[in-house]
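Residues per chain are reported as follows:
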Amino acid sequence: MSLSNNTSINSENFKAKVLSYLNYTAIDLGQQIDRKALLKAICLTVNDTIFSELQSTKINNSKQLSRSINYFSLEYLMGRMLSNNLHNMGLYEIAVDAVSDLGFDLEDICEEGHDLALGNGGLGRLAACYLDSLASLDFNAIGYGIHYEHGLFEQQFHQCRQIETPDEWREYGNPWEVCRPEAVQEISLYGNVETFTDDEGKVRKIWHAGQKIKGVPWDIPIVGYRTQTVNVLRLWESRASSHFDWEAFNAGDYQDAHSAQTQAETISKVLYPNDETAKGKELRFIQQYFFSACSIKDIIRRYQKQHGNDWSKFTDKIVIQLNDTHPTIAILELMRVLIDEHEFIWTDAWQVCRKIFAYTNHTLLPEALEKWSVRMFEEVLPRHLEILYGINENFLNNEVNAKWPDDKAMRSRLSIIEEGSQQMVRMAHLCVVTSYKVNGVAQLHSALVKQDLFPEFNQLWPDKLTNVTNGITPRRWLKACNPELAELISSKVKGDWAKSLNLLTQLTSFANDTQFQIDFMAVKHRNKIKLVKEIEKLTGYAVSPDAIFDVMIKRLHEYKRQHLNLIHILALYRRLLENPELDMHPRVFIFGAKAAPGYYLAKEIIYGINCLAEKINNDGRINNKLKVIFMPNYRVSLAEKIIPAADVSEQISTAGKEASGTGNMKLSLNGALTIGTLDGANIEIAEEVGRENIFIFGNTVEEIKELDKNGYDPLKIYCANPELKACLDWLDTGFFTPGKPGGLSAIKSSLLEEGDAYKVLADFQCYSDTHKKIDAAYRNKSDWARMAILNTAKMGKFTSDRSIEEYAKNIWSLSKTELSSEPIKLVKGR
Ligand code: 26Q
C-alpha cells in the first residue's frame, strides 16, 4: 500500500483489515461491535500504511542533502486525527463504505476520538496547520514539543460559571503515537558550575547537575495530503532518571523512593492554560528547558549519526524555528552543548547559533512578553546564565556600542537583562539578538513589531525583521469539516483546490449564478441544521436554522472583546423589549471560548454571557428573535462543527492587539461574512475579498493611539450615549442574576472605573450601526449569497501552504525532498 497511490486499497480489503484488528481491540466479537473498539481498529488499519510510509520518508530524507526544519513549539492543537488522516491519504470514501458495511456511520465513529488538545489557542493550532503543510509540500520537517499528560482543561458550566476539569486525552491509550525508547535523552537541572583547566591548558566549564531527568520521545506521524511524505511530531515525556531509588526502597522508605519519580513526572504533567500572560512559574520554565534540551540533543544525535564529528555541515542541514519565545532557552542550550561538550570556541558556537535560529513573534501585549528572574535562572540553569551574560556583554559592547557609542540609555533599553528591583531576563531580546530572522504573523502586526516593539533592533539590523502572514490548512478547515461545501466546490472548480487554494478564484464567475447561490446557501442551511442539533444536545436550547448564526469563537480575552458583543446583545434585547415587533431578522449569537482559570474578568464575561443566555432564551416576549448560545468546552473538534454553519464571523479585537487571528480565515473560507476591526489579518482578508464583501468598523490603530494620547475618557462616552448607558446600568441591577444584585458589575467597572483599556466604549456605536447593516444585508438573499461565495473564492492567500512556502523561501532556505519513485526496502536487522 502506498499513500500517494492507494489503488491497492478498496473497501473490501479495508474492511477485512478492520475486522482482523477488532480481534485486538474488541472484548467480545460475538456482541454488537463497540464504537471505541471499532475506532481503534480503523486507526490500526490506516497506521499500517502510515508507519511504513514514515519509515520510507525517513530513509529517503537521510539520502538527501537538503536542510531540515525543526519546529520548536510548547503547543500543538492537533484536534482529532482519523478523519484528517483518511482525507489526506485519499481513503476517506473507502473507509466510509467499509464502515457502513459493518453497520456504522464513519462520522459517528470519528466522534469517539478524543481531541489532541496540547495547546491553548491560535499559536498551538497554527503549529498544527504548519505541520500539515510541511508534510503536504514534501519538506523534511520535524515538530518538537511536550507530551503533556493533561492537555488544555475541559470546560463545563455550573450555574453559568466556568468549571475546569482535567483533560484525559490518553485515558484509554492513543493509537496515533509510538514510543521511541532508542531516542531517550537525559537532561540536567540545578547544581553548580566548575571551572577547570584541561590537559591542553584551556579553561573549561563543567556543569555538575543537581538533578537528572529522562526525556522519553513519543512520535505522532503527520500525513501529507496526497503525497508519500509522512513526517513526525516528536513529543517529550519526563521521567525520573534512575527509575526507582532501590536504596530507599530497601531501607523501607517507600515515600522517598517514589518522590523523585513523581517530581520528575510533574514536568510534563500539564499544559499551562494561560495564553497572552506570561506568569513566571518555575515549573513552566523547567518545562521549557526540558523540552528544548531534549530536542537539541535529539537534533545533534541525528546529525552525528550521519556526519559523526564533522560539524562543517551543521548549519547547512539544520534550521530551528522558535514558535514565540517559549523555547528560547534552546539557544543557550545549544551554546552550552557546543562549547562544554563538543569543545567549540565561543565565536564558532555563536556563529552556529546565529545561523540556525529564527523566531516568530505572536504578540505585542506587554503582559505576554516572557521575562524570567535572574535569580531563578541561576538556581535552575547556572551554566546557562553564565552563557547568557557572555552573549549580552558581547552584544552590548560590540554591536550596540558600534552603532550608538557610549549611549547608556540605549544599552539599558536593548540589554537582554532588565535592571530593576529584581533583575529579569528578557527572552524576546535574546531571541532577536540571536535569530537571523524574526517575523510577525500578519502585515500590520509585523509593521508594529518593527515600529513599536523592537524599533532599535530594526535600526540595528534592518533586514532581520520581516512578515509571514499566518495561514490555515484547507484540508481540515474545508475539505474535512465541510464535506458538502467541498463537494459543491469540486463540482465547479477545475484542479485540486485543497492543494492549490488559489484555484477557488474560479468560483467568482459563479457568484452571480442564481442556481449556484441557491446550492451554496442550501449547503449552509444543512450545516446549520446539523449545528442546531448539536446546540440542543450541548445546551438544551432550541434555535432556528433560519436565524442568522453569528459566531464568536476564540480564547476569552479582554482585547478580543467578547464583552463588546455582550453589550450589543443587551442593546438588541432592550430594543426588542421596547418593541417586540421590531423589524429584525432573528439572530442567534453563538460563543465558544475558554478563559484562563486565573483570569478573573475573562471568567466574569463568560458568566455574564451565560446569564444573558438564560434570561433571553427563556423570554417569551421577544418572539424568538434573539438567542444566545455559549457552547461549552470549545476546542478544535467543536470548531469543525460551528464554522461550516456560521453566517457571521465576529473579529472585533481592539485595533493593534490581535497579532493575526486564524479563526477569521477559517470562517471566511466557509462562507461566513466578517464583522471586524482593522486588526491583524482582518486587514488582509478585507484586501482579498474587497471592502464591499466585509463589514469593517471601529477605530484604527492610529485612532486608538490618538485616543490614548489625548486622554481617553470612557465615562464621557457612557454619559453621551443613552442606549449604551442603559445597557451598562442594567448589568448592575441584578436583572440577569436574580437574587444577586451587582452580579455582573465587574464588567461595567472594568469599563468605567478601570479605564476601559481595550476601548470597548469607543467602538460600541459603530459596532452597533454595522450590525444594522448586516441585518439589512441578510434580507437580500441573493446579495448575501454572492458575498458569501466571494469570501470562499478569495481565501486562496490564507492557505498555510502559502505561509510555509514563504518560510521555506525567505527564512529557512529549504528545498523540497525529492520523492523516490521506487518503493524503499526496509533494512532488516540480523
Ligand atoms: C507564556 C509564558 C507562560 C505561560 C504562558 C505563556 C503563553 C502561552 C500561550 C503565552 C502566549 C500563548 C499563546 C499565544 C497565542 O495563541 N497567540 C496567538 O497566535 C496566533 C497565531 O499566530 C495569532 O493568530 C493570534 O493573533 C495570537 O493571539
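The rules behind these values
- Residues numbered from 1 in each chain as written.
- Predicted model: local features only at pLDDT ≥ 70, side-chain atom pairs only at ≥ 80, totals over all residues.
- Heavy atoms only, no water.
- Disulfide = S-S within 2.5 Å.
- Pairing = 2+ DSSP bridges.
- Helix = DSSP H or I, 4+ residues; strand = E, 2+ residues; numbered from the N terminus.
- Contact = heavy atoms within 4.5 Å.
- Axes fitted to C-alpha atoms, helices over the stretch in contact; angles between N-to-C directions.
- Near = heavy atom within 4 Å.
- Polar contact = N/O pair within 3.5 Å; in protein donor to acceptor, adjacent residues only side chain to side chain.
- Nonpolar A, V, L, I, M, F, W, Y, C, P; charged D, E, K, R; others polar.
- Domains from an automatic or database assignment.
- Parallel < 35°, antiparallel > 145°, perpendicular 65-115°, else oblique.
- Left-handed = near helix turned anticlockwise from the far one by under 90°.
- Core = buried A, V, L, I, M, F, W, Y, C linked by side-chain atoms within 4.5 Å.
- Buried < 20%, exposed > 50% of the residue type's maximum accessible area, 1.4 Å probe, protein only.

Colleague: Mind showing me how you'd approach the state of the cysteines here?
Modeller: If you walk through the whole model with that rule in mind, you get zero disulfides. We note that Cys160 lacks a disulfide partner, and the nearest cysteine sulfur, in Cys611, lies 4.1 Å from it.

Colleague: Help me understand the sheet that holds strand β21 (residues 587-592), please; the structure alone is not making it clear to me.
Modeller: By way of backbone hydrogen bonds, the strands of a sheet pair with one another, either parallel or antiparallel. On the basis of which strands lie adjacent, the open sheet formed by six strands has the order β22-β21-β20-β23-β24-β25 and parallel pairing. The outermost strands of the open sheet, each flanked by one partner alone, are β22 (626-631) and β25 (695-696). Of the strand pairs in this sheet, strand β20 (residues 548-553) and β21 are connected by six bridges, and their pairing is parallel. Within β21, the residue paired with Met552 across the bridge is Phe591. Helix α23 (residues 600-617) contacts β21 and β22 of the sheet and is inclined by roughly 140 degrees relative to β22.

Colleague: How do you make sense of the site of the ligand when you look at a structure like this?
Modeller: Near the ligand there are 20 residues, and of these Glu276, His362, Asn470, Glu658 and Gly661 occur at the shortest range. With respect to the ligand, the side chain of His362 contributes an N or O atom lying 2.6 Å from an oxygen atom. Here the shell around the ligand takes three residues from helix α6 (residues 122-136), the largest share from any one element. For the shell around the ligand, a count of residues per class yields six nonpolar, eight polar and six charged. Residue contributions to the shell around the ligand reach at least three from each of two domains, namely domain 1 (146-470) and domain 2 (524-700 + 757-798).

Colleague: Looking at this structure, how should I read the packing of helix α1 (residues 11-25) against helix α2 (residues 35-62)?
Modeller: Two numbers describe a pair of packed helices, the interaxial angle and the distance between the axes. Two elements in contact, α1 and α2, have axes whose closest approach is 8 Å; the angle formed by their N-to-C orientations is 120 degrees. On the basis of the axis angle, α1 is oblique to α2. Relative to α2, α1 is oriented so that their crossing is right-handed. Facing α1, whose interface residues are Phe14, Lys17, Val18, Tyr21, Leu22 and Thr25, α2 presents Ala37, Leu38, Lys40, Ala41, Ile42, Leu44, Thr45, Val46 and Asp48. Tallied by class, the residues present in the contact of α1 with α2 amount to 10 nonpolar, two polar and three charged.

Colleague: Please clarify how the packing of α2 against helix α3 (residues 82-89) should be interpreted in this entry.
Modeller: Taken N-terminus to C-terminus, the directions of α2 and α3 make an angle of 40 degrees; their axes are 11 Å apart at the nearest point. Our pair here, α2 against α3, has a crossing hand that is left-handed. Within the contact between the two elements, α2 uses Leu39, Ile42, Cys43, Val46, Thr49 and Ile50 and α3 uses Leu82, Asn85, Leu86 and Met89. The residue makeup of the contact of α2 with α3, split by class, is eight nonpolar, two polar and no charged.

Colleague: Mind showing me how you'd approach the nonpolar core here?
Modeller: What tends to happen in soluble globular proteins is that the nonpolar side chains get buried as a cluster. Formed by 153 residues in total, the largest nonpolar core has its most connected members in Phe14, Leu38, Phe314, Leu334, Phe357 and Trp812. Of the residues forming this core, the biggest block, 11 residues, is contributed by helix α9 (residues 282-307). If sequence neighbours within four positions are ignored, Leu334 has contacts with Ile296, Ile300, Phe314, Val352, Cys353, Ile356 and Phe357. Counting residues in each nonpolar core, the second largest holds 122 residues, with Ala613, Ile642, Ala645 and Phe798 among its members.

From the geometry alone we can't say anything about function, so treat these as descriptive.
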